[in-house]
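Notes for the structure review
Listed here are the chains, written in short residue letters.
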Amino acid sequence: MFKYIKNDIPASIVVFFVALPLCLGIALASGAPLFSGVIAGIIGGIVVGALSGSKIGVSGPAAGLAAIVFLAIQDFTETYGGFQEGFKVFLVTVVIAGVIQLLFGALRFGIIGYFFPSSVIRGMLTGIGIIIILKQIPHFFGYDSDPEGDFSFQQVDGGNTFSGIMDAIGNISIGATLIGLISLAILLLWSNVLSKKGKFFQLVQGPLVAVVVGIIYYILTASNDKFGISPEHLVSVPVPDDFESFRGQFSFPNFAAINNPAVWITAFTIALVASLETLLCVEATDKLDPHKNVTPTNRELFAQGTGNILSGLVGGLPITQVIVRSSANIQSGGRTKISAIIHGFFLLISVILIPTLLNKIPLSVLAAVLFIVGWKLANPTLFKKMYDMGWKQFLPFIVTVVGIVFTDLLVGIGLGLAVGIFIILIKSFQNSHFLHKEGEDVNDGKIKMTLAEEVTFFNKASILKELDNLPENSYLELDVRKTRYLDNDIIEILDDFAFKAKERNIDIKIISDRGIVENPESFIEFFKLEKKS
């Protein structure tokens, strides 16, 4: 596991800088204490990272659950008479959700992730890449009204992704933008030039250098009104005054509320959405992995369930595997789960020992880091590649991308999946049979119809149309040797056709595994015998 430690440590540093603002931002978007996001990030890194079978997946608080968490905390706050009590009841739902995920793993529900087409998974990665870039533009220019980790099209401040960008352009902070541009230049220079010059530049990652330069810039320009960076454009980690105040940042669930049906409904919702988001992320991460490792999905559900139980017990948000962190890990050269675990320890140590230093990191620097992550996920060449693969691949891909950008992650994936299923149905409709006509220009032509391996009620219309179009006094040869499943609806159509064929003087020959039958009296009886044989 420590074989690739020289790859994993630099990658863990990059993931740490990506994860820190997301932990805080998702907590803010969820209406939860900021420290609850950090707790989820720590447990997602250390505990889930250790238990997971994924070598390069990274877990933490989930942006996709922010809306669910926000509404749940609000409801429990109203029901139990205050935010603190409401949040403690919410933590009960996180613990129960973790137990449900353990049950999902035991029931081997991990296979669900494999039922999503690769075109939808690629669309998911590309859509997330575009969202990362769009959502970081305001932070890059020093306009931070929308928290990090809010990836929905509709923003918490009432606007949307594009109105946020327009507002940012009209409220540019010179200092934040300047250090953002400097950081972006450092990252591009580091990855495209310096990383090829020697081992030092491979060991020390560009994002670390950019963050250090950003902190130095903030300190040097702190008193400059024009080029300085105001506190709202910096990372904002809670800073405890002493050990007691640090301990006070942890919350504990109120299990007295466990009899409340709303607690169980919320818990099941969190478990279902978190499991689905995790399984989709696992599938996407495995596709990104240059070494093509395969993650055991049922074990991943066990790991996520354990992480959520612990997170809920100490005051953390729900956890899933997160594609933003996982892709940052892959792009930075992470090879084993050690990178995810170390990033969790970095979060833990830094919020205890150096929270004040962390709060000197400009958000525009971290936006520059995420620009690179987003660009690599949404590389324009992928659009051409998917287009060249044909419309059956491109349409679900582009619908998923547009759906994610203009709604949210799960809705976008659902739209892409719906389009993918619709395309399958169309192809099933078209490929239910193969029809070959001999001597089409004469009335006594021989017609051969070969049924597909599986023929369902979706194929009724196409087969019925072909049968009705057969000319009188013709000869139909029906080949069912390849057919392994024939829906009863189709058998009834064929049985009705046998009656009509006599009136139209159409002779029928069935070729099956049992042999050849001329002009059967009843297709229903014939296929009963065929099934028995």
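Please refer to the structure placed before this passage.
Procedures and definitions
Residues numbered from 1 in each chain as written. Predicted model: local features only at pLDDT ≥ 70, side-chain atom pairs only at ≥ 80, totals over all residues. Heavy atoms only, no water. 1 Å grid on protein atoms, 1.4 Å probe; cavity = no way out; pocket = protein on both sides within 12 Å on 5 of 7 lines; lining within 4 Å. Points joined across faces, edges and corners; volume = space filled by probe spheres on them. Helix = DSSP H or I, 4+ residues; strand = E, 2+ residues; numbered from the N terminus. Nonpolar A, V, L, I, M, F, W, Y, C, P; charged D, E, K, R; others polar. Axes fitted to C-alpha atoms, helices over the stretch in contact; angles between N-to-C directions. Parallel < 35°, antiparallel > 145°, perpendicular 65-115°, else oblique. Left-handed = near helix turned anticlockwise from the far one by under 90°. Contact = heavy atoms within 4.5 Å.

**Side note on empty space enclosed by the protein**
Under the criterion given, the structure shown has two cavities of 30 Å³ or more. By volume, the largest cavity amounts to about 100 Å³. Taken together, 16 residues line the largest cavity, and the ones lying closest to its centre are K135, P138, H139, D146 and Q155. It is helix α5 (residues 118-140) that contributes the most residues to the lining of the largest cavity, four residues altogether. Among the residues making up the lining of the largest cavity, the classes are represented as four nonpolar, six polar and six charged. When its volume is computed, the second largest cavity comes out at roughly 40 Å³. In terms of lining residues, the second largest cavity is bounded by I26, S30, P61, A62, L65, A66, V69, L317 and P318.

**Re the packing of helix α4 (residues 83-106) against helix α11 (residues 261-288)**
For any two helices packed against each other, one specifies the inter-axial angle together with the distance between the axes. α11 packs onto α4 with a crossing angle of 50° between their chain directions and a minimal axis gap of 8 Å. The angle between the axes of α4 and α11 places the two elements in the oblique class. Judged by the twist between their axes, the crossing of α4 over α11 is right-handed. Contacts between α4 and α11 involve V89, F90, V92, T93, I96, A97, I100, Q101 and F104 on the former and, on the latter, V263, W264, T266, A267, F268, I270, A271, L272, A274 and S275. Grouping the constituent residues of the contact of α4 with α11 by class yields 15 nonpolar, four polar and no charged.

**Comments concerning the environment of V480**
Locating V480 in the fold gives a position in the loop between β6 (475-479) and β7 (485-486). When the C-alpha positions of V480 and I511 are compared, they lie 6.2 Å apart, and in sequence the two are 31 residues distant. With near-sequence residues (within four places) excluded, V480 lies in contact with L451, I510, I511, S512 and F527.

Geometric values such as these leave the question of function open.
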